[in-house]
Amino acid sequence: MIAAQLLAYFFTELKDDQLKKIDKYLYSMRFSDDTLKDIMNRFRREMDNGLSRDTNPTATVKMLPTFVRSIPDGSEKGDFIALDLGGSNFRILRVKVTRDKKQPVQMESQVYDTPDDIIHGSGTQLFDHVAECLGDFMEKQKIKDKRLPVGFTFSFPCAQTKLDEAVLLSWSKKFKASGVEGMDVVQLLNKAIKKRGDYEADIMAVVNDTVGTMMTCGFDDQRCEVGIIIGTGTNACYMEEMRHIDLVEGDEGRMCINTEWGAFGDNGSIEDIRTEFDREIDRGSLNPGKQLFEKMASGMYMGELVRLILVKMAKEGLLFEGRITPELLTRGKIETKHVSAIEKTKEGLKKCMEILTRLGVEPSDEDCLAVQHVCTIVSFRSANLISATLGAILSRLKDNKGVARLRTTVGIDGSLYKMHPQYARRLHKTVRRLVPDSDVRFLLSESGSAKGAAMVTAVAYRLTEQSRQIQQTLAEFRLNKAQLLEVKKRMRQEIERGLKKSSHDEATVKMLPTFVRSTPDGTENGDFLALDLGGTNFRVLLVKIRSGKKRSVEMHNKIYAIPIEVMQGTGEELFDHIVHCISDFLDYMGMKSARLPLGFTFSFPCHQTSLDAGILVTWTKGFKATDCEGEDVVELLRDAIKRKEEFELDVVAIVNDTVGTMMTCAYEEPTCEVGLIAGTGSNACYMEEVRNIEIVDGNQGRMCVNMEWGAFGDNGCLDDIRTKYDQAVDENSLNEGKQRYEKMCSGMYLGEIVRQILIDLTKRGFLFRGQISETLKTRGIFETKFLSQIESDRLALLQVRAILQQLGLDSTCDDSIIVKEVCGTVSRRAAQICGAGMAAVVDKIRENRALDHLDITVGVDGTLYKLHPHFSRIFQQSVKELAPKCDVNFLLSEDGSGKGAALITAVGCRQRQQEGQQP
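Residues numbered from 1 in each chain as written. Predicted model: local features only at pLDDT ≥ 70, side-chain atom pairs only at ≥ 80, totals over all residues. Heavy atoms only, no water.

Student: So what exactly am I meant to see when it comes to the sheet that holds strand β25 (residues 854-861) here?
Tutor: Adjacent strands of a sheet form backbone hydrogen bonds with each other and so pair up, either parallel or antiparallel. Ordered in space as β14-β24-β23-β22-β25-β26, the six strands form an open sheet in which the pairing is mixed. Each end of this open sheet is capped by a strand with a single partner; those strands are β14 (512-513) and β26 (886-892). Taken strand by strand, helix α27 (residues 813-848) contacts β22 (672-678), β23 (682-689), β25 and β26, and its axis lies near 5° from that of β23. Helix-sheet contacts for helix α29 (residues 871-882) involve β22 and β26, and the interaxial angle to β26 is about 160°. (Pairing = 2+ DSSP bridges. Helix = DSSP H or I, 4+ residues; strand = E, 2+ residues; numbered from the N terminus. Contact = heavy atoms within 4.5 Å. Axes fitted to C-alpha atoms, helices over the stretch in contact; angles between N-to-C directions.)

What follows is the structure, given as structure tokens:
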């Protein structure tokens, strides 16, 4: 009882006084939050140096890429072997991963001894030993006949260029086997296994223990993206954005970075916070000047730091009444496990008395209290330092993700964190103070790094298998040159069928004559009206064309809406509305009295019998006006003008927008004799020899043919390259079985093809965790503009994820990479088959003219061509490869349907004058 009262007395009176003295004495080991934030910022700078190609060679924090690109997603399964070599014991595990919720991971393991003569012998001996142990383990498990995937935890500094390769930089932890440094340890192990010849193993991954920790915890918590070891040594790894890792090609996705943070400060960056005791420890170590941060924070040095402080305090008479014993002066006499024991709340002082008594210093109760406080300061400093470096990683993750608040999990292993009574609590508290805008869960790694190696292997195995199947799916879209040449050949055959009278009626590529017999020659002059009807909006334009030295085109236009009741009313109502709009425009321009020539861009399928006569074959795009199909739309327009009795117009030409595109470009560039629209729809036109157009009389000169090539393949000639996804898009469309080529290469359908592929990949568990959202089930949700955004080179994956999130698709980084690849594959095929079609056209023109080499320009319009980041480049490249005897130049058209219609009208007027047909 009296002893307890005495102890209480010490705790009150003497304690405060004694502790203040020690606080003052070890002042430099105690850090304010400002100092910790400063250390945090310094470590962030060192991380940047390690990641940058320019500064990495001289960086102390090496930031080594591990080639681990993904954490477990819960869908891993299989039978794996894990090897763990990193100390005097060598462990082998068999890890079975299933989708059984109760026991997803089953493990059996065996520990093999690694004798000193092998640790210090030759590399051959060491790896022969590993191969022998593995053979023994497989024998016992009765799996010698299986070739199981193997993960190898090799906890020494290595340089990796891929997941299954690790070149040892230098041995540590007493290992000194000769002939291994600078060698790939996977090769050495494979060689040893091959030499035995009694079993096979597939080594898929080499990881260090820190990565193993992150992966082990990642299996239990998919938010885990940081791994830390706080034990004999200390290190951390985390998932970094690929775009920031200069040392590895590519900027898609993430990769785990092994920071090797023990070397933080080796360049002098933390000199101001190191104490005389830290310097003394370093001088007496096996690697002076190296791993300075580790020497301040890890378990290997903590007991020794405490011992050095006690020696100095004793020498100065502050402890043990100045008594110093040989034991106290002996290195290693105080271990980290002693520090942990001394800091225990209840029996700490008792333990302290026992430990100090063994050192022969005859401690008083006051001494015990003081020594306990010294231990607290040293271990607390370690927790603070690790909090600062971990804080730097967390703040970097938060910035990388661009979120206001970070939610993440940190996987932790290591004896100091696990065994020390106060360490974990202090670390968690300090981290939360330093990074207040984060919700961090700390997860203790149960079965350490070896299970982690199996997890890395399981993930690698899943990704390899998944990647193989995804590539298999996308392979159908990847057309080789022979296939593209076949598409070109078939397009040529269909062109011939459309031109020939005998086959024209059943031809799918209609090759419609437009009666446009020449491109502009620069002499066009005058004021022209143009109408543009092709959708819910209708444009009226006045186009002033001036010839001579200062050729110019001046345009004025107004846009009018077409109400739905007019689109779906009678033909008379529709054309009366159009004339009403023209009347309003002429009033607006003050030109009612002039009889202007007019060109009418009418973007619906028409059968033309002359330049100013076009029979509407069928309405599309939501138009349903009665009494129009089968009628000449020019006559319908003329009749409506007569009914209005307000003005007169000379309707010279009915125009298709593709022809307008060619004419607009031909005005700027006389070699332009082909037009292409690659937008919502897809079509082309070109100048054909009249002698080849059998459904038009005459053999002289040329005429522009509107190919209507979107229907290419409607007779089944493209079925061998159409995929099940193309078929699904066709079946769900409004015009099943029609416009099949267009459905493979136009903007209206590419997003829909992508959506069909994504649904399939999700059903197969490769995307969005196998969850098909309502959004993904919605037709048309995946607009082609999203493809353009997703495929933009400037877009980081984070932004791809943001686009997918707008679509209600909660995607991981891996998902985003796959989606981006799918988009790229679909749009690449579109550009290539469009290029194959164009190659057929330019080669036909070359052969028409009996030329060895053709120089020609193609006028192009359309949102897909103009806005997609890669379409135009791949399209042009395809034309070049598939039509090598043609030198094709591409010119972007400006307003083909407005300006183009006016130019066709101007050329029509010029033709009439030449033929002497003045009206």
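Student: Which parts of the structure should I look at to understand the environment of S547?
Tutor: Residue position: S547 is located in the loop between β16 (537-546) and β17 (552-561). Looking at S547, the relative accessible area reads 28%, which means it is partly exposed. In this structure the C-alpha to C-alpha distance between S547 and G526, which are 21 residues apart in sequence, comes to 8.6 Å. Residues contacting S547, with those up to four places away along its chain left out, are G522, T523, E524 and N525. (Buried < 20%, exposed > 50% of the residue type's maximum accessible area, 1.4 Å probe, protein only.)

Student: Help me understand the packing of helix α24 (residues 747-763) against α27 in this model?
Tutor: Two measures define how a pair of helices packs: the angle their axes make with one another and the distance between the axes. Where α24 meets α27, the closest approach of the two axes is 10 Å, and the angle between their N-to-C directions is 140°. Taken together, the axes of α24 and α27 lie oblique to each other. Classified by chirality, the crossing of α27 by α24 is right-handed. On the side of α24, the interface is formed by L750, I753, V754, I757, L758 and L761, while α27 contributes I818, V819, V822, C823, V826, S827, R829 and A830. Residue composition of the contact of α24 with α27, grouped by class: twelve nonpolar, one polar and one charged. (Parallel < 35°, antiparallel > 145°, perpendicular 65-115°, else oblique. Left-handed = near helix turned anticlockwise from the far one by under 90°. Nonpolar A, V, L, I, M, F, W, Y, C, P; charged D, E, K, R; others polar.)

Student: Looking at this structure, I do not really get the packing of aromatic side chains. What am I missing?
Tutor: For any pair of aromatic rings, geometry is given as the distance between the ring centres together with the angle between the planes. With the rule as written, the count across this model stands at 21 aromatic pairs. Of the aromatic side chains, those joined through ring pairs into one cluster are F600, F602, F604, W619 and F623. Of note, K558 hangs over the ring of Y588, and the distance from its end group to the ring centre comes to 4.6 Å. The ring of F786 has K785 lying over it, and the distance from NZ or CZ to the ring centre is 5.6 Å. (Phe/Tyr/Trp six-rings, centres within 6.5 Å; stacked < 30°, edge-to-face > 60°. Lys NZ or Arg CZ within 6 Å of the ring centre and 35° of its normal.)

Student: Mind showing me how you'd approach a positive patch on the surface here?
Tutor: On the surface, a cluster of positive charge is made up of K337, K344, K350, K351 and R358. If one sorts the elements of the positive patch by residue count, helix α11 (residues 348-358) sits on top with three residues. Turning to its location among the elements, K344 is positioned in the loop between α10 (336-342) and α11. With relative accessibility at 33%, the residue K344 sits in the partly exposed group. (Patch = residues over 30% accessible without salt bridge, like charges linked within 9 Å, V, L, I, M, F, W, Y side chains within 5 Å. Areas by Shrake-Rupley, 256 points an atom, 1.4 Å probe, with all protein chains shown as cover. Salt bridge = Lys/Arg side-chain N within 4 Å of Asp/Glu carboxyl O. Lys, Arg positive; Asp, Glu negative; His and termini not counted. Charge placed at Lys NZ, Arg CZ, Asp CG, Glu CD.)

Student: What's the story with the pattern of salt bridges in this structure? I'm lost.
Tutor: Between side chains of opposite charge, a pair can form when the charged atoms approach closely. One pass over the structure, following the stated rule, counts 76 salt bridges. The partner of K162 in a salt bridge is E165, with the nearest N and O atoms 3.4 Å apart. In this structure K162 comes out as partly exposed when scored by relative accessible area, which is 43%. Among the salt bridges present, the one from K777 reaches E774, with a minimum N-O distance of 3.1 Å. Look at K777 and you get partly exposed, because its relative accessible area is 47%. Through salt bridges that share partners, K488, R492, E496, D843, R846 and E847 make up one connected network.

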